[in-house]
Amino acid sequence: MSHGMDTAPIRVIRFYQDHMSISSNSGKTTDITYQELTGWKETTHLYIINCTNNRSVLVSKEGFVSGNFGIVKSNFPS
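What counts, and at which threshold
Residues numbered from 1 in each chain as written. Predicted model: local features only at pLDDT ≥ 70, side-chain atom pairs only at ≥ 80, totals over all residues. Heavy atoms only, no water. Phe/Tyr/Trp six-rings, centres within 6.5 Å; stacked < 30°, edge-to-face > 60°. Helix = DSSP H or I, 4+ residues; strand = E, 2+ residues; numbered from the N terminus. Pairing = 2+ DSSP bridges. Axes fitted to C-alpha atoms, helices over the stretch in contact; angles between N-to-C directions.

A. Inspection of the packing of aromatic side chains at higher detail. Taken as a whole and assessed by the stated rule, the structure comprises 6 aromatic pairs. Each ring, one from F15 and one from F64, has its centre 6.1 Å from the other, and the planes form 15°; the classification is stacked. Here the residue F15 occupies a position in strand β1 (residues 11-15), and F64 occupies one in the loop between β6 (55-60) and α1 (69-73), the gap between them amounting to 49 residues. Taking the centre distance of 6.0 Å and the plane angle of 75° together, the rings of F69 and F76 count as edge-to-face.

What follows is the structure, given as structure tokens:
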């Protein structure tokens, strides 16, 4: 459960051509451009996308509604 809420937090990550947008059920949205990425790692169940300012975005491998991580990472800077 999240602090001050009676429900589990829900997070939606949308990938666009030049940025990703992370929205939560609290109404907060964070946009991260791909230029802010410093790398990514893969675990058994997650992709961990590392960004500037010691931020990381956890993406479930099972969470893609459309497309896949291969398509997403093709937009990342080399």
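B. How the structure looks around the sheet that holds strand β5 (residues 46-51). Taken in spatial order, the 3 strands make up an open sheet running β4-β5-β6, and their pairing is antiparallel. Each having just a single partner strand, β4 (37-42) and β6 make up the two edges of the open sheet. The sheet shows a mean angle of 20° between the axes of neighbouring strands, direction not considered. The pairing of β4 with β5 spans 5 bridges and is antiparallel. Bridged to K41 within β5 is I48.

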